[in-house]
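This is what each chain is made of:
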Protein chains: 2
Amino acid sequence: MEKTVSPAIIKRLPRYYRVVTHLFNEGQTKVSSKAIAELMDVTASQVRQDFCSFGGYGQQGYGYDVKKLKSELENIMGLNKMHNMIIIGAGNIGRALAGYKGFGDGFKVRAVFDVVTDGIELGEIEVLNISRLKEYCAENKVDIAVISTPRSAAAKVAADVVDAGVKNIWNFAPTELDVPGDVIVENISMSESLYVLSYYMNRQEG
Amino acid sequence: MEKTVSPAIIKRLPRYYRVVTHLFNEGQTKVSSKAIAELMDVTASQVRQDFCSFGGYGQQGYGYDVKKLKSELENIMGLNKMHNMIIIGAGNIGRALAGYKGFGDGFKVRAVFDVVTDGIELGEIEVLNISRLKEYCAENKVDIAVISTPRSAAAKVAADVVDAGVKNIWNFAPTELDVPGDVIVENISMSESLYVLSYYMNRQEG
């Protein structure tokens, strides 16, 4: 089953989850591929094909069971597991992430690291000097390290978190990270998203 | 030319730009498709094909002129134009965006709007009550409206900015926006990126 899930489908999984969760919260018990397609930017046939690829099966003439679909999506993305997160870089983005409530119960920011931590208060989240990173990771289970440093510091920080044994990196720094093959990196770049918007604007104007 | 640029290539443009700008800043004058490919996650043949599609031509045995490539990428994405931005939603994310310096000279946040603006100081950026949105947009050229409100407010805010004449929306709210066909929306979802990471983690553990 795993082998048939393409990166394009994987990128759609969170959007399916958002739509299905919305329907679930509204009290809907079943949904058609057509209705899901209309809530997203895909065709009904694409929805059926995508769901098939990760084992979400609808019934002809009934559609999909919303609760079951939600639970299948949670399982495949591991959203029902606890992920302990640390953030490296307590700038605007790092602090915004530390305070963000929208990731769900499975994702908890436990500590934020920076070179200067004076005056930074983040409620129940520990704020620690970067020099204590390795010690912290040895004493606490860290599932995801979020890198929200400036670009210039990102490579060193990535090497340090890998050295500290962290296997998963969520990278907000605008640079590609060079990590060993067993470390998973997911990049999120605000500039990239903005430039894609700018591209479409420019094309429309031109 | 425009017609041949697929969404997949468009998503790679900002990454090419990042790599090429990096090389330019390091003083490199020429670069091979192989070197660019190594700095990204694509093949050299993909790089050549992508560049061809937007008119970036290299020379056999020489490679690409870094300065020219940078300038071509800026042109195609309109990065050399001025984009006046407003942010709606002065929460953590909105404030982080207002303070972010990494978008380049072509993108300026001019004003931030929210229902409550008391106590929010953002330097030279105006902080205004949301009730003044339409008036502001009538008096100032607004190229991009950034929506960084909670999900529950996003649909109303999108309708308001469209009503105020803004044609481009950069959406950070975790919901699909329903806008007229001539309005461009680029969505950026932190949760989606995190859940993609979680998917890969889960698959590796499973």
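What counts and what doesn't
Residues numbered from 1 in each chain as written. Chains lettered and ligands numbered in written order. Predicted model: local features only at pLDDT ≥ 70, side-chain atom pairs only at ≥ 80, totals over all residues. Heavy atoms only, no water. UniProt positions renumbered as here; feature names shortened; annotations may be inferred. Contact = heavy atoms within 4.5 Å. Buried area = accessible area lost by both parts, 1.4 Å probe. Salt bridge = Lys/Arg side-chain N within 4 Å of Asp/Glu carboxyl O. Helix = DSSP H or I, 4+ residues; strand = E, 2+ residues; numbered from the N terminus. Nonpolar A, V, L, I, M, F, W, Y, C, P; charged D, E, K, R; others polar. Buried < 20%, exposed > 50% of the residue type's maximum accessible area, 1.4 Å probe, protein only. Domains from an automatic or database assignment. Expected span 1.5 Å × (residues − 1). Bend = angle between axes of the 7 residues up to and from the residue. Pairing = 2+ DSSP bridges. Axes fitted to C-alpha atoms, helices over the stretch in contact; angles between N-to-C directions.

- By the naming in an unreviewed UniProt entry, chain A goes by Redox-sensing transcriptional repressor Rex and is assigned to Candidatus Caccalectryoclostridium excrementigallinarum.
- For chain A, the Sequence similarities (unreviewed entry) comment in UniProt is given as "Belongs to the transcriptional regulatory Rex family."
- Comment text from UniProt for chain A, heading Subunit (unreviewed entry), reads "Homodimer."

Quick look at the interface of chain A and chain B
Now for step 1: If you look at the interface, chain A gives 61 residues, while chain B gives 61 residues.
Now for step 2: Summed over both sides, the interface between chain A and chain B buries roughly 5700 Å², with carbon and sulfur atoms accounting for 61% of that surface.
Now for step 3: For the chain A face of the interface with chain B, the top three residues by lost area are Arg 18, Tyr 195 and Tyr 199 of chain A, together amounting to 13%.
Now for step 4: Here chain A and chain B share six salt bridges between them.
Now for step 5: Residue Arg 18 of chain B pairs with Glu 176 of chain A through a salt bridge whose shortest N-O separation is 2.5 Å.
Now for step 6: Counting only elements with at least two residues in the side of chain A that touches chain B, the list comes to helix H1 (7–25), helix H4 (66–77), strand E3 (83–88), helix H5 (92–99), strand E7 (168–171), strand E8 (184–187) and helix H8 (190–205) of chain A.
Now for step 7: Take the side of chain A that touches chain B: its biggest share by element is 16 residues, from H8 of chain A.
Now for step 8: Of the residues belonging to the side of chain A that touches chain B, the class tally is 32 nonpolar, 16 polar and 13 charged.

Quick word on the environment of Leu 69 of chain A
All names here are of chain A.
Now for step 1: Its place among the elements puts Leu 69 in helix H4.
Now for step 2: Given a relative accessible area of 3%, Leu 69 falls into the buried group.
Now for step 3: Beyond its immediate chain neighbours, meaning those up to four positions away, Leu 69 contacts Val 20, Val 31, Ile 36, Phe 51 and Tyr 64.

With respect to the domain arrangement of chain A
Now for step 1: When the domains of chain A are assigned, the result is domain 1 (7–77) and domain 2 (83–192).
Now for step 2: In this structure, domain 1 of chain A and domain 2 of chain A have C-alpha centres spaced 31 Å apart.

Quick word on H1 of chain A
Two residues of an α-helix separated by three or four positions point the same way, owing to the 3.6 residues in each turn.
All names here are of chain A.
Now for step 1: With 19 residues, H1 extends 28 Å between its outermost C-alpha atoms, agreeing within 8% with the 27 Å of an ideal straight helix rising 1.5 Å per residue.
Now for step 2: At Leu 13, H1 shows its largest kink, close to 30°, and the proline Pro 14 lies no more than four residues downstream.
Now for step 3: Just downstream of H1, Gly 27 is the residue with a positive phi angle, here 90°.

Regarding the UniProt feature "domain: CoA-binding" (unreviewed entry) in chain A
Now for step 1: The UniProt feature table records "domain: CoA-binding" (unreviewed entry) at residues 78–176 of chain A.
Now for step 2: Along residues 78–176 of chain A one finds 28% helix and 26% strand; the C-alpha atoms at either end are 25 Å apart.

Quick look at the sheet that holds strand E3 (residues 83–88) of chain B
Now for step 1: What the six strands build is an open sheet, ordered E5-E4-E3-E6-E7-E8 (chain B); its pairing is parallel. Both outer strands of the open sheet, strand E5 (126–129) and strand E8 (184–187) of chain B, are each paired with one neighbouring strand and no more. Sheet twist, expressed as the average angle between the axes of neighbouring strands with direction ignored, equals 25°.
Now for step 2: Examined bridge by bridge, E3 of chain B and strand E6 (residues 144–147) of chain B share four bridges and lie parallel to one another. Across the sheet, residue Ile 88 of chain B finds its bridge partner in E6 of chain B, namely Ile 147 of chain B.
Now for step 3: On top of the sheet, H8 of chain A reaches E3, strand E4 (107–114), E6, strand E7 (168–171) and E8 of chain B; it is set at about 165° to E8 of chain B, its chief contact.

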